[in-house]
Amino acid sequence: METSLYLLIPLSVALVFLIGWVFWRALDGGQFDDLERPAHDVLMDDDKPK
Amino acid sequence: MLGAERAFCCAGCEAVARAIVAGGFEKYYEAREGAGLRPDALPPVQVYDDPAAQREFVATLSEDVREATLILDRIRCAACLWLNEQALRRVPGVIRADVNFTTQRANIAWDARITRLSLVLEAIRAVGYDAYPFAPRRGDALARREWRSALWRLFVAGFGAMQVMMYAWPAYVDAGAGTLTADAQALMRWASFLITTPVVLFSCAPFFRGAWLDARRRRISLDTPIALGIAAGFAASAWATLAGAGEVYFDSIAMIAFLLLAARTAELFARQKAGRELDRLARWMPSFALRFVGASTERVPAHLLAAGDRVLVGAGERVPADGVVEEGVSSADESLLTGESRAVAKHAGAALVGGSVNLEQPLVMRVQRTGADTQAAAIGRLVERAAASRPLLVERADRLAQRLTYVVIATAALAWAASGNVWIAVAVLVATCPCALALASPLVLTRAGAQLLARGAALTRSRALEALQRATDVVLDKTGTLTLGRPAIARTACFSDIGAAQCRALAAALEASSSHPLARAFCNVGQGPTVQALRNDAGQGVEGRIDGRRVRIGSQRFCAAIAGSPAPEAKAQVYLAGDGRWLAAFFIEDALRPEAIPVVRSLARRGLRVHLVSGDDAAMVGELARRLSIEAWAGGATPQEKFEYVARLQAEGRVVAMVGDGLNDAPVLARADASIAMGAGADVAQLHADVVLTGDRLGALEDVLALSRGAMRLVRQNLGWALAYNAVALPAAAFGFIGPWEAAIGMSASSFIVVLNALRPLDTARPWKPASTSSSPSPSPSYS
């Protein structure tokens, strides 16, 4: 059972770097430049059926 | 419309409302925070399609795709931004339209084969707003890079900390039970090491860089203890991992980094926001102007304008430079500079300030000052200068923080030596970082500057906030401060059956063409009868015929020559006489500002002693003091005497705030603890005062006093908190009561408290409202 650690822990390390890279992509794409908008989007959502 | 009968102020508004509803945007009406503006006749936008004009602000993404950033004008609330974005997205050919709610800019990309920039801009016009492209400023890009890099560091630290905590958990649970094999433990350590390394090397780089820069200058900065703490902890843990023996605390290191960065990022966010407020003068300068070439106009970049150019400013457009009106009658919204949202009437000869909005009719203006010489730019520089001088209290706190840093490092070294445990030293270094002391005030000062500016007062030295807050006495000058600095009729004495109003109308008709300084007193009277055979007798007066009868206005002697008798009233400045009879005498004086009486009264109510010191005739000054119920006054004072008056008050231990016109009373302003100048006229840049009331409104004085009290109160609270926290945390960490991670929580919580406290309303005397970032010129109702 313990041997699974030798697979899972390196995997989790790899996952950390992968998620880090995904976040970096989002950041670089400007997703976090405007932190005020999402608060307003809740009020302005377009839920009217088209 | 929308299921109910709606009233519109005009057909234009109705059309706009129909366009909004027909587009399916009625949500706007549910979410908006107030009535919209009246759409004015706006200048054509086709000029923006010109490739030459586009070079500065349109980027070519691919062969057919163009990109530009637009400034959205007339935005008042989030609903406006949403509406603009929806309208932009409906334009055929627009590939992408993103409105940033924080900066109130729109970034759009469109297909040049399908649409043109002018069509996009017109879509915004159609829903009642205005937009124009602009070239991004360098500062904006810098701020964005700073923000992104801060977030990226924070994320790496936060995510790293969580992950490392998972690897540390088994060791904590297992502690001594021995169910975890040595190999598994080593694996966890190596994984933690691998993830903590980028957290330390990348996320904490700003701390190391700051510490290193100061170390090279043989100084210690606030980053030094943090850098030392993190480096020591990481080195010890790394060594333990490599050697395979000893304690590792990667989880604590990553968590310390995350919490410290979180506090810093929050501070950066608040600082950038306050900075944008402060910067808004420069932001709103239009990038284009319509310059006359002969009889026609051409659109040129605003920075190419030169003094002497004639420029057409359309209704609803912003004035591109400082200048005077040559043709046209309109009104302008100067709230950006003055904080006063009431429109100011503009006619030929009136001064226009760059950045203000021309509201009603097109105006032709002659440019006088452009770019860096404009009033808006001068105010911007004054405000920037404010940061160079900090209140004494803040300077003392900074020196204390510096000294505290040495104490912290010495204590950490001692604790390490005494206990032999590096983790106690790390806890001391992290827990008692005097960051909160350093964070306590800059944010408050920046916010105070921005809010004062929004209310028409430019703070040029932050240090003055302290004196303003402690002020016990307010010394007011008369001319130009309590008064408007221009003549007005104070009293009319009538000597015939012709009433006072008619006498004034006669006088105004006669004086209409006179250039005598006192003639300006009559210019507000209104339309008078027609005058024939007007003759100007320089220095004496004016003679003319009204309804066939000879009338004279001017000096006593000049009028006595036709009146034939000595004047019944000897002390007036201007007389009016007909053949053989006296008509009226006018007492002219410098008109009191309408807000003078309430402002003086409110100052007295605040418990301030108000003084009136003037170089004018003592009798007049005394009379004015009585009207304003000011007990302490001095008339006929020379500049030297004014200076001594203030010095005498200070010798009694009073703290004096002096309000003057800023030009003639420079010495006394310099002597006073805090100086405030009325920003009338054009020479804002030459005023030597701590605060310049840019709107030339005395009422802003109250805001200045209220805000300075509020700001200094927040600064004191923050400093008090930071000191109290450190006084508790230092011994607690040194004696090993708190571990490194607890120290990190304490330290970041302390920073957060300070930052959040700094974001509280500065002005408690009045309900706080966020400074509006757009203009709201006319209170006229519109779209239903």
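Residues numbered from 1 in each chain as written. Chains lettered and ligands numbered in written order. Predicted model: local features only at pLDDT ≥ 70, side-chain atom pairs only at ≥ 80, totals over all residues. Heavy atoms only, no water.

(A) Examining the overall build of chain A more closely. From N to C terminus, chain A includes two helices and zero strands. By the burial criterion, 24% of the 50 residues in chain A qualify as buried. Accessible surface for chain A amounts to roughly 3,700 Å². Of this, 70% is attributable to carbon and sulfur atoms. (Helix = DSSP H or I, 4+ residues; strand = E, 2+ residues; numbered from the N terminus. Buried < 20%, exposed > 50% of the residue type's maximum accessible area, 1.4 Å probe, protein only. Areas by Shrake-Rupley, 256 points an atom, 1.4 Å probe, with all protein chains shown as cover.)

(B) Examining the overall build of chain B more closely. For chain B, the count of helices and strands is 27 helices and 27 strands. Every one of the 784 residues in chain B was classed for burial, and the buried ones make up 53%. Counting contacts in chain B only where the partners sit at least 6 residues apart, residues at least 24 apart contribute 68% of the total. Counting only carbon and sulfur atoms, one obtains 57% of the accessible surface of chain B, whose full area is about 34,100 Å². (Contact = heavy atoms within 4.5 Å.)

(C) Expanded view of the packing of helix H1 (residues 3-28) of chain A against helix H7 (residues 182-203) of chain B. Where H1 of chain A meets H7 of chain B, the axes come as close as 10 Å, and the angle between the chain directions of the two elements is 5 degrees. The orientation of H1 of chain A with respect to H7 of chain B, classified from their angle, is roughly parallel. Between H1 of chain A and H7 of chain B, the residues in contact are Leu5, Tyr6, Ile9, Val13, Val16 and Phe17 of chain A and Asp183, Ala184, Leu187, Met188, Ala191, Leu194, Ile195 and Pro198 of chain B, respectively. Among the residues making up the contact of H1 of chain A with H7 of chain B, the classes are represented as 13 nonpolar, no polar and one charged. (Axes fitted to C-alpha atoms, helices over the stretch in contact; angles between N-to-C directions. Parallel < 35°, antiparallel > 145°, perpendicular 65-115°, else oblique. Nonpolar A, V, L, I, M, F, W, Y, C, P; charged D, E, K, R; others polar.)

(D) Layout of the pattern of salt bridges. Residues and elements named next belong to chain B. Under the counting rule described, the total for this entry stands at 23 salt bridges over all chains. Put simply, Asp690 and Arg461 hold a salt bridge, and the shortest N to O gap is 2.3 Å. Here the residue Asp690 occupies a position in the loop between strand S26 (674-678) and strand S27 (691-693), and Arg461 occupies one in the loop between strand S15 (458-459) and helix H18 (464-470), the gap between them amounting to 229 residues. Taken together, the shared-partner salt bridges connect Glu67, Glu85, Arg89, Arg96 and Asp98 into one network. (Salt bridge = Lys/Arg side-chain N within 4 Å of Asp/Glu carboxyl O.)

(E) Just the sheet that holds strand S7 (residues 296-301) of chain B, in detail. All names here are of chain B. If you trace the six strands from one edge of the open sheet to the other, you get S7-S6-S8-S14-S9-S12, paired in antiparallel fashion. Only two strands of the sheet have a single neighbouring strand rather than two, namely S7 and strand S12 (351-352). Pairing analysis gives five bridges linking strand S9 (residues 322-327) to strand S14 (residues 363-369), with the strands arranged antiparallel. Pairing of Val325 across the sheet is with Met365, part of S14. (Pairing = 2+ DSSP bridges.)

(F) Expanded view of the confidence of the model for chain B. Residue and element names in this part refer to chain B. Looking at chain B, the pLDDT average stands at 80 and 87% of residues meet or exceed 70. When pLDDT is averaged over each helix and strand of chain B, the minimum, 64, is found for helix H11 (residues 280-283) and the maximum, 91, for strand S23 (residues 609-613). Below a pLDDT of 50 lies the segment residues 765-784, which in the model reaches 49 contacts outside its immediate sequence neighbourhood of four places, other chains included. Scoring the predicted complex yields pTM 0.70 and, for the interface, ipTM 0.80. (pLDDT = per-residue confidence, 0-100.)

(G) Up close: the packing of aromatic side chains. This structure, assessed with the given rule, holds 13 aromatic pairs over all chains. Residues Phe23 of chain A and Phe32 of chain A carry aromatic rings whose centres are separated by 5.2 Å and whose planes lie at 45 degrees to one another, so their mutual orientation is tilted. Phe32 of chain A sits in the partly exposed class, given a relative accessible area of 24%. Their ring planes at 10 degrees and their centres at 5.4 Å tell us that Phe155 of chain B and Phe159 of chain B sit as a pair that is stacked. With Phe155 of chain B and Phe159 of chain B both in helix H6 (residues 138-174), this residue pair falls four residues apart, about one helical turn. An aromatic cluster is present here, built from Phe23 and Phe32 of chain A together with Trp152, Phe155, Phe159 and Phe202 of chain B joined pairwise through their rings. A cation sits over an aromatic face here: Arg153 of chain B above Phe202 of chain B, 4.8 Å from the ring centre. Geometry around Phe558 of chain B places Arg552 of chain B over its ring, the cationic atom sitting 4.2 Å from the centre. (Phe/Tyr/Trp six-rings, centres within 6.5 Å; stacked < 30°, edge-to-face > 60°. Lys NZ or Arg CZ within 6 Å of the ring centre and 35° of its normal.)

(H) Region of interest: the packing of helix H22 (residues 596-605) of chain B against helix H26 (residues 700-734) of chain B. Residue and element names in this part refer to chain B. Running from N to C, H22 and H26 point in directions that differ by 25 degrees, and their axes come no closer than 9 Å. Put simply, H22 runs roughly parallel to H26. Here H22 contributes Val599, Ser602 and Leu603 to the contact with H26, which in turn contributes Leu701, Glu702 and Leu705. A class-by-class count of the residues in the contact of H22 with H26 yields four nonpolar, one polar and one charged.

(I) Broad picture of a nonpolar patch on the surface. Taken together, the side chains of Leu15, Leu18, Ile19, Trp21, Val22 and Trp24 of chain A define a hydrophobic patch exposed on the protein surface, amounting to about 570 Å² of accessible area. Along the polypeptide, Val22 of chain A turns up in helix H1. (Patch = residues over 30% accessible without salt bridge, like charges linked within 9 Å, V, L, I, M, F, W, Y side chains within 5 Å.)

(J) Expanded view of the side chain of Lys642 of chain B. Residues and elements named next belong to chain B. Within the fold, Lys642 resides in helix H24 (residues 639-651). With relative accessibility at 12%, the residue Lys642 sits in the buried group. If near-sequence neighbours (up to four positions away) are discounted, Lys642 is found in contact with Asp477, Val613, Ser614, Gly615, Ala637 and Val668.

(K) View of the interface of chain B and chain A. On the side of chain A, 28 residues touch chain B, which itself brings 33 residues to the contact. Buried surface at the junction of chain B and chain A, summed over both partners, amounts to about 2,900 Å²; 65% is from carbon and sulfur atoms. Asp33 of chain A is paired through a salt bridge with Arg148 of chain B; the nearest N and O atoms lie 2.8 Å apart. Summed over the shared surface of chain B and chain A, the result is five residue pairs in polar contact (both at pLDDT 80 or more). When residues of the side of chain B that touches chain A are traced back to their parent elements, those giving at least two are helix H2 (27-31), helix H4 (78-89), strand S3 (94-100), H6, H7 and helix H10 (250-278) of chain B. In terms of residue count, the dominant contributor to the side of chain B that touches chain A is H6 of chain B (nine residues). (Buried area = accessible area lost by both parts, 1.4 Å probe. Polar contact = N/O pair within 3.5 Å; in protein donor to acceptor, adjacent residues only side chain to side chain.)

(L) View of the nonpolar core. Counting 59 residues, the largest nonpolar core has Tyr167, Phe207, Ile230, Ile256, Leu260 and Val428 of chain B as the members making the most contacts within it. With residues up to four places along the chain from it excluded, the contact list for Tyr167 of chain B reads Ile9, Ser12 and Val13 of chain A together with Met188, Ala191, Ser192 and Ile195 of chain B. Counting residues in each nonpolar core, the second largest holds 58 residues, with Ala440, Leu468, Val600 and Leu603 of chain B among its members. (Core = buried A, V, L, I, M, F, W, Y, C linked by side-chain atoms within 4.5 Å.)

(M) Fine view of the sheet that holds S27 of chain B. All names here are of chain B. With mixed pairing, seven strands are arranged side by side in an open sheet as S15-S27-S26-S25-S16-S23-S24. Single-partner strands in this sheet number two, and they are S15 and strand S24 (632-634). Strand direction decides the pairing type here: S15 and S27, joined by two bridges, are antiparallel. The residue of S27 that forms the bridge with Leu459 is Val691. Contacts from H26 reach strand S16 (473-476), strand S25 (656-660), S26 and S27, with the element oriented near 150 degrees to S27.

(N) Local environment of unusual backbone geometry. All names here are of chain B. Within the chain, Ser629 stands out as a residue other than glycine whose phi angle is a positive 45 degrees. Position of Ser629 relative to the elements: it lies in the loop between helix H23 (618-627) and S24. Look at Ser629 and you get exposed, because its relative accessible area is 59%.

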